[in-house]
Amino acid sequence: MLSSKIVGIGRYVPEDIFTNDDLTKYMDTSDEWIQERTGIKERRYAKKHEETTSTMGLAASKIAIERAGINKEDIDFIIFATLSPDYYFPGCGVLLQRQLGITKTEIGALDIRNQCSGFVYGLSVADQFIKSGMYKNILLVGSEMHSMGLDFSTEGRGVTVLFGDGAGAVVLQATEEKDKGVLTTHLHSDGTHAEELAMINPGSHGGYFLGKEDFGYPETDDPGGVFVTQKMIDEEMLAPNMTGQLVFKTAVTKFPKVINEALATCGYKSEDIDLLVPHQANLRISQFVQKLLKLRDDQVYNNIQRYGNTTAASIPIALCEAWEEGKVKENDLICLAAFGSGFTWGSALIRW
Ligand code: UT7
């Protein structure tokens, strides 16, 4: 029986730190408000027009590959999770393959669009490919450059203060060791509230799901339309929107449920978890989940205080930091869990 083991892990966060006080220069907010509601003290922003989502993914991947002790040519599949890709298409997977210099092997590259759950979804996909014997070494990356798409005016403050840039990567490898590696993964979604945490423009929707809202589409005789209109640019309709309280309330019910689902599948209880690495959405959400599951502080890893919410990158960055700090040890039971836009959510249990 094959299973998949994380044999290398890496992370990259940009150099430039933006504190809550720095944000007050652009919008009406305060360090006190942000810390009290989210726990965030600072976040990193990539160097605009120099770094991209794929270049950050590359930096994290190089470390993961080196730590895995394999050659980049040994990678036989790439999975790249992001909501902030370099291009509308193609996805970051092929850009990463090109930057790694492994185009000659012509391996497949898959892009995942599951926002905050992207890494857990990617892990599950990779795990199935490895278990089936199809691939031996899969590079799984989560990377985000939110700073290029946020609204830094007061109007955007409810979303903008939460998010930061960064990347994390793992190499998953096939192993025949018993009860090691990824033990189980659980994926869920409910599209009922798809627009409650979303960036709907640019897109092909033409207003379809959005009632009578006017997006300023030009009247033309030809069959073609446009993704972006002048109105979207003028009226700042090209930024993410979020109904924060709905997201919060749903997250605190789905996180414990999906974690318990993973534990029950393997016959474990929450006290068996050595380390829970939750998606870093909001420190208050993590604390709520910790309380509900009756976990001690040392059983939960949080770093949102320093990086904000880095969406698809948040779990691999946190897992990597925890591993670097010696908090993820051989044979530990590690639980990953995520919830976010879609809504999509999921969990994984790993015997390290
Ligand atoms: O990965 C999943 C991603 N998202 C999440 O997990 C987010 C989940 N939701 C949340 O974390 C919280 O809902 C937020 C932190 C986003 C917001 O906290 P809240 O307690 O739900 O605040 P609110 O949206 O109800 O806003 C309360 C007040 C409003 O003012 P009024 O109407 O009471 O006068 C907002 O305009 O706070 C105001 N506000 C701000 N004030 C200062 C909203 N954003 C800010 C801000 N600075 N950045």
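Cut-off values and rules
- Residues numbered from 1 in each chain as written.
- Predicted model: local features only at pLDDT ≥ 70, side-chain atom pairs only at ≥ 80, totals over all residues.
- Near = placed C-beta within 6 Å.
- Helix = DSSP H or I, 4+ residues; strand = E, 2+ residues; numbered from the N terminus.
- Domains from an automatic or database assignment.
- Nonpolar A, V, L, I, M, F, W, Y, C, P; charged D, E, K, R; others polar.
- Pairing = 2+ DSSP bridges.
- Axes fitted to C-alpha atoms, helices over the stretch in contact; angles between N-to-C directions.
- Contact = placed C-beta atoms within 7 Å.
- Parallel < 35°, antiparallel > 145°, perpendicular 65-115°, else oblique.
- Left-handed = near helix turned anticlockwise from the far one by under 90°.

Here's the deal with the site of the ligand
Point 1. In the vicinity of the ligand there are 19 residues, among which Thr 29, Arg 157, Gly 244, Phe 248 and Ala 281 approach most closely.
Point 2. When residues of the shell around the ligand are traced back to their parent elements, those giving at least two are helix H2 (31–38), helix H6 (157–160) and helix H8 (244–266).
Point 3. Top element by residues in the shell around the ligand is H8. It accounts for five residues.

Details of the domain arrangement of the protein chain
Point 1. Each domain of the protein chain was delimited in the assignment, giving domain 1 (3–175) and domain 2 (181–194 + 242–351).
Point 2. Placing a centre on the C-alpha atoms of domain 1 and another on those of domain 2 gives a separation of 17 Å.
Point 3. Within the residue set of the side of domain 1 that touches domain 2, elements represented by two or more residues are strand E1 (3–12), H2, strand E3 (42–45), helix H5 (118–131), strand E6 (137–144), H6 and strand E7 (166–175).
Point 4. A breakdown of the residues in the side of domain 1 that touches domain 2 according to their chemical character gives 17 nonpolar, 18 polar and ten charged.

Some thoughts on the sheet that holds strand E13 (residues 344–351)
Point 1. In spatial order, the strands read E8-E13-E12-E11; together these four strands make up an open sheet with mixed pairing. Both outer strands of the open sheet, strand E8 (181–189) and strand E11 (275–278), are each paired with one neighbouring strand and no more. The average undirected angle you get between the axes of adjacent strands in this sheet is 10 degrees.
Point 2. Across eight bridges, strand E12 (residues 333–340) lies against E13 in antiparallel orientation. When the sheet's bridge partners are listed, Leu 336 is paired in E13 with Ala 348.
Point 3. Running at roughly 125 degrees to E8, H5 makes contact with E8, E12 and E13 of the sheet.
Point 4. Here H8 sits on the sheet in contact with E8, E11, E12 and E13, set at roughly 35 degrees to E13.

Here we look at the packing of helix H3 (residues 53–68) against helix H4 (residues 92–100)
Point 1. Across the interface, H3 lies against H4 with an axial gap of 9 Å and an inter-helix angle of 55 degrees. On the basis of the axis angle, H3 is oblique to H4. For the crossing formed where H3 meets H4, the hand is right-handed. In this structure, H3 uses Thr 53, Ser 54, Thr 55, Gly 57, Leu 58 and Ser 61 to contact H4, whose residues at the interface are Cys 92, Leu 95, Leu 96, Gln 99 and Leu 100.
Point 2. Its residues assigned to classes, the contact of H3 with H4 shows five nonpolar, six polar and no charged.

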